[in-house]
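# Commentary on secondary and tertiary structure
Residue-level listing of the chains:
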Amino acid sequence: MNMEMVKTLIIIIMSSVLVDNYVLSRFLGICPFLGVSKKVNQSVGMGVSVIFVMLVATAVTWPIQAYILNPLKMGYMQTIVFILVIAALVQFIEIFLKKFIPALHKSLGVYLPLITTNCAVLGVTINNITDYGVEDSNAFLFSMVSSLGCGLGFLFAMVLFSGMRSRIEESDVPESFKGLPVTLVAASFISMAFFGFAGIVENLLA
Amino acid sequence: MKKYIKSIISLTVICAVIAALLAVTNSKTAPIIDKNQKAAANKALLEVLPDGGDFTAVDLAKYTLPESVQEAYTASNGGCVVKLTAKGYGPDMIIMCGVDANGVVTGAVCLSSNETLGVEKTYGETTKGATVGSIDDLATVSGATMTTGAYKGAVKDALNTAIILGGGSADIRTEEEILADNLKAVLPIGEGKFTEVFISEKLENVSAIYKSDNDAGYVYVTKVGEEEIFVGVDANGVVVSEVADDVKANIEANAKIMLKSSLKEVDISKYADMPKHIDKAYKTTNGNYVIELHTAGYGINGDKYTSSGEYIYIKVALTDKGEIINCVTVKQSETDGVGSICADKDFSAQYIGKDENTYKEIDTVAGVTLTTKGYQSGIGKAIEAVKIMEGVA
Amino acid sequence: MSKQNNMSILLKGLLRENPVFVLILGTCPTLATTTSVDGALGMGLATMAVLICSNIVISLLRKFIPDTVRIPCYIVVIAGFVTVVQMLIQAFIPDLYETLGVYLALITVNCIILGRAEMFAGKNSVGKSALDGIGMGIGFTIALLAMSTVREVVGAGSFAGNEIPFLVENGLTIGILIKAPGGLMVYGLLIAVVNKITKGKLIKKKEFSCEGCPSASSCHGGCSAEKEDK
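These numbers come from a predicted model, not from an experiment. Every chain begins its residue count from 1, and numbering advances along the sequence as written. Lettering for chains starts from A, numbering for ligands starts from 1, and both go in the order in which the items are written. Given that this is a predicted model, residues contribute local features only at a pLDDT of at least 70 and side-chain atom pairs are listed and counted only at 80 or more, while totals for whole chains, interfaces and linings are drawn from all residues.

### Overview of the overall build of chain A
- What counts as a helix is a DSSP run of H or I of at least four residues, what counts as a strand is a run of E of at least two, and both are numbered from the N terminus. Secondary structure summary: chain A contains 10 helices and zero strands in total.
- Secondary structure elements of chain A occur, N-terminal to C-terminal, as α-α-α-α-α-α-α-α-α-α.
- For chain A, with 206 residues in total, the buried portion stands at 50%.
- Our contact criterion uses C-beta atoms placed from the backbone: two residues qualify when those atoms are within 7 Å. Long-range pairs, those at least 24 residues apart, make up 77% of the contacts in chain A between residues at least 6 apart in sequence. To assign burial, the other C-beta atoms lying within 10 Å of each residue's own C-beta are counted, with C-beta atoms placed from the backbone; 20 or more indicates buried, 12 or fewer indicates exposed, and intermediate counts indicate partly exposed.

Next comes the structure, spelled out in structure tokens:
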């Protein structure tokens, strides 16, 4: 692996964690972000589960697209196949963990069912196909790295936000803003902070 | 068990029905989507070849085309559109150029670039109407010679590509290749490897000298009328290529001067008032001087590091009277596309033939004042250094 | 079945159970596709089409689909309609297809659709399910339009692509509103406005947690864990 390659991979990770953060700039996976991020330990559990599922989902859906759907000229089945694969994967992972790694299942298991309808997972698998294609010899590697980056970005945003949120819960906000509205406004500030990263990544390694 | 089977069957049936529905929809929409995408792709091509009609991509592997060609499309009206790269400053520019059936440029646009001045955004307009015969005469934009020169080169490549696609043959050599071929032709014993020699003596009608890397001889470039001709000279200064007698006599006279010429370093530390930017000075056997110096440009201005923090390094040859024989930029780190014009041969060559009284006549370039002023003051210092060494200061 | 009843099914999606501002569902397209009125309208109508079709089909099949594979069947039906809509848009409105990008495919995981399938269409007659789909779809579209109007007018100084000279010339636009942070901000403020108007009566019982989540019935684990922590 040469320097150029390493550089590309670092840029992919950095930009998917900081600039194009799935939650804060593309709004994928915003439901669990708002729903589960009330406590730090829950956020970590959810985030780790998402990284795990994203990686496995990409590892399975990319070959399906490259070696089954595209040769059969059935690209239009992408959405159906991907979402079914993800749903089945999540079920399978849950059963597997329950049986073989009960400790891990105890800490992550509760978050797994929530992930099936997490648009970030379906989003990342589709985006990888759109962004990196299936022809290029490095496409699979890029897709996996980008999934890792997106998952890390999700975890990062969740953990950051849960810290902020526990303070909001205790503060005195106007009646109409109580609950979700103030949470969204707070999320908007975090998003603004992430917004500033755009220039950094562009120039950091260019 | 029956429950499981029922579950599996119902899920399978639903999947099958939905898949069938999708297949039907796809068969209806796919042709329309194809047409749309083709139209969208055509739209970009039509911009440079407005009457193109339909386009077909060309299989580049089937032809020998200039290296800069990335994609080519033939149009139903007989013209073609070529997408090429051009090396300006910084990353390659991507240029798309349309050529009609008569070999006339119908339009050129720069699709992506990172040039500093931005002339490439408008230069395409001026190439409209150019043909293979006229493209060389098209003016480049002063102060942006490299960018517009590269642009022009790309358009020329596009014109040649059009000829080749039309079944003709065209000279698709790059400038370097043409030079290498010319050198090789007049001095075969040079084995095709040449290095340019810095001309340190006053020569009659010689614009450049190349020395073969194997020391077998030299190639002199001289002008007959408007035409540049290459003359091969062996290691003893005898003309070996076919040229007219008067040219031969002139070149041999010049070669004699050059052969005798050698450089002897002058110890500049013994001259107390030598300008501080002079790095080295040499005296030639014929009494001329070669001075290496550095000067402040935009990269470093006075004591302030404004940009790259690097000086411009210049090598100047002068007569003992301070008249400039030759001048080249050795090294510079000025801003790409702006100050870097000082590396252009055309820019430094302006000073050739100037002296103490006339070197300031060379205009500084608007927008590039710091660099061009700095360059001029460097020339001034070289002249001053000669005066000091000659003891006339 | 009284007429009144049908009317209320249709109308409840508009405000009382507005999927975006009250039930807080489908947040992802709400935030991502409301940078322009055109995109928001397209997304709203596309979602509505999928919602109506999937509601009808799921309601038709509700006696045929076994309970155990209920969710996968719903997902297949929904994803199928999403793909059909996707192909139609790509063929006939290519510009919209470009604007919406991956979010079009992500209608599949829009909680509103799976939520309505699970909570309504799987239990009610075809007619009612269709009405529910129309009502919810209109509610969703109106909400997106409201969001996008605020964002495009204030953020870009235009409405549906038509520039509003007064705002642009006087420099009254706030550019950040059409960027990501602005989406979250406007959404928060609009929910607060709805809260204020309705005096919090609607939202209290649906505060964002498991009750508002359509997957609640299929993820007892996740929700109970959260409740225990409380």
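Continuing now.
### Quick word on the sheet that holds strand E2 (residues 69-75) of chain B
All names here are of chain B.
- Strand pairing is defined by DSSP finding a minimum of two bridges between the two strands. Strand order in this open sheet of five strands is E1-E2-E3-E4-E5, and the pairing throughout is antiparallel. Across the chains shown, the open sheet's two edge strands, defined by having one partner strand only, are strand E1 (55-57) and strand E5 (105-112). Strand-to-strand twist of the sheet, defined as the mean angle between neighbouring strand axes without regard to direction, takes the value 25°.
- Alignment of E2 against strand E3 (residues 80-86), held across five bridges, turns out to be antiparallel. Bridging across to E3, Tyr73 finds its partner in Val81.
- Throughout, an axis means a line fitted to C-alpha atoms (over the contacting stretch in the case of helices), and angles, computed between N-to-C directions, take values from 0 to 180 degrees. Strand contacts of helix H1 (residues 2-48): E1, E2, E3, strand E4 (93-99) and E5, with the helix running at about 125° to E5, the strand carrying the most contacts.
- The sheet strands contacting helix H3 (residues 145-165) are E2, E3, E4 and E5, and the helix crosses E3 at an angle near 140°.

### Things to note about the sheet that holds strand E12 (residues 289-295) of chain B
Residues and elements named next belong to chain B.
- One open sheet accounts for five strands, arranged E10-E11-E12-E13-E14; its pairing is antiparallel. Edge strands, defined here as strands with exactly one partner in the open sheet, are strand E10 (263-266) and strand E14 (324-331). Within this sheet the neighbouring strands show an average axis-to-axis angle of 25°, counted without direction.
- Against the sheet, helix H7 (residues 369-390) engages E10, strand E11 (278-284), E12 and strand E13 (312-318), with an angle of about 140° to E12.

### Side note on the confidence of the model for chain B
- Looking at chain B as a whole, the pLDDT averages 82, with 92% of positions reaching at least 70.
- Two summary scores accompany this predicted model of the complex, namely pTM at 0.66 and ipTM at 0.85. Per-residue confidence from the predictor is reported as pLDDT, which spans 0 to 100.

### Focus: helix H10 (residues 180-197) of chain C
- The terminal C-alpha atoms of H10 of chain C lie 26 Å apart, and with 18 residues this matches the ideal 26 Å at 1.5 Å per residue to within 8%.
- Looking at the residues trailing H10 of chain C, positive phi occurs at Lys199 of chain C, about 55°. By this rule, a helix spans an expected 1.5 Å times one less than how many residues it contains.

### Examining the interface of chain A and chain C
- Across the contact, 43 residues belong to chain A and 44 residues belong to chain C.
- No other element matches the 10 residues that helix H9 (residues 180-195) of chain A contributes to the side of chain A that touches chain C.
- Residue polarity follows a fixed list, in which Ala, Val, Leu, Ile, Met, Phe, Trp, Tyr, Cys and Pro are nonpolar, Asp, Glu, Lys and Arg are charged, and the others, Gly among them, are polar. Each residue belonging to the side of chain A that touches chain C can be placed in one class, and the counts come to 27 nonpolar, 13 polar and three charged.

### A look at the environment of Asn138 of chain A
- Mapping Asn138 of chain A onto the fold places it in the loop between helix H7 (119-132) and helix H8 (139-170).
- Along the chain, Asn138 of chain A and Met5 of chain A lie 133 residues apart, while their C-alpha atoms are 9.4 Å from each other.

### Looking at the pairing of E5 of chain B
Residue and element names in this part refer to chain B.
- Note: E4 against E5, six bridges, orientation antiparallel. From the neighbouring strand, Cys97 faces E5, where its bridge partner is Ala108.
- Adjacent in sequence and paired antiparallel, E4 and E5 are bridged by five residues, among which Gly103 carries a positive phi angle near 75°.

### Examining unusual backbone geometry
- One non-glycine residue with positive phi stands out, namely Phe27 of chain A, at about 60°.
- You can see Phe27 of chain A is positioned in the loop between helix H1 (3-19) and helix H2 (30-36).
- C-beta crowding within 10 Å serves as the criterion here: with 28 such atoms nearby, Phe27 of chain A is assigned to the buried category.
- A positive phi is found at Asp215 of chain B, a non-glycine position, where the angle reads about 60°.
- Note on placement: Asp215 of chain B falls in the loop between strand E7 (208-212) and strand E8 (217-224).
- For Asp215 of chain B, a count of 9 C-beta atoms within 10 Å gives the class exposed.

### Some points on the packing of helix H3 (residues 40-69) of chain A against helix H4 (residues 78-100) of chain A
All names here are of chain A.
- The geometry of H3 relative to H4 is characterised by a closest axis approach of 10 Å and an angle of 140° between their N-to-C directions. Classified by the interaxial angle, the pair formed by H3 and H4 is oblique. Read as a crossing pair, H3 and H4 show a hand that is right-handed. Here Val53, Val56, Ala57, Val60, Thr61, Ile64, Gln65 and Leu69 of H3 come into contact with H4, specifically with Gln78, Val81, Phe82, Val85, Ile86, Leu89, Val90 and Ile93.
- Grouping the constituent residues of the contact of H3 with H4 by class yields 13 nonpolar, three polar and no charged. When an angle is under 35 degrees it counts as roughly parallel; over 145 it counts as roughly antiparallel; between 65 and 115 it counts as roughly perpendicular; any other value is oblique. If you view the pair so one helix is near and one far, a crossing is left-handed when the near helix is turned anticlockwise from the far one by less than a right angle, and right-handed when it is turned clockwise.

### Details of the nonpolar core
- Each nonpolar core comprises buried Ala, Val, Leu, Ile, Met, Phe, Trp, Tyr and Cys residues, the members being joined through C-beta atoms within 7 Å. Ranked by size, the top nonpolar core spans 125 residues in total, and within it Val121 of chain A together with Val50, Val77 and Ile78 of chain C carry the most contacts.
- Among residues more than four places away in sequence, those in contact with Val77 of chain C are Ile14 and Ile18 of chain B together with Ser54, Val57 and Ile58 of chain C.
- Among the nonpolar cores identified, the runner-up in size contains 49 residues, and Val219, Val233, Cys342 and Ile383 of chain B belong to it.

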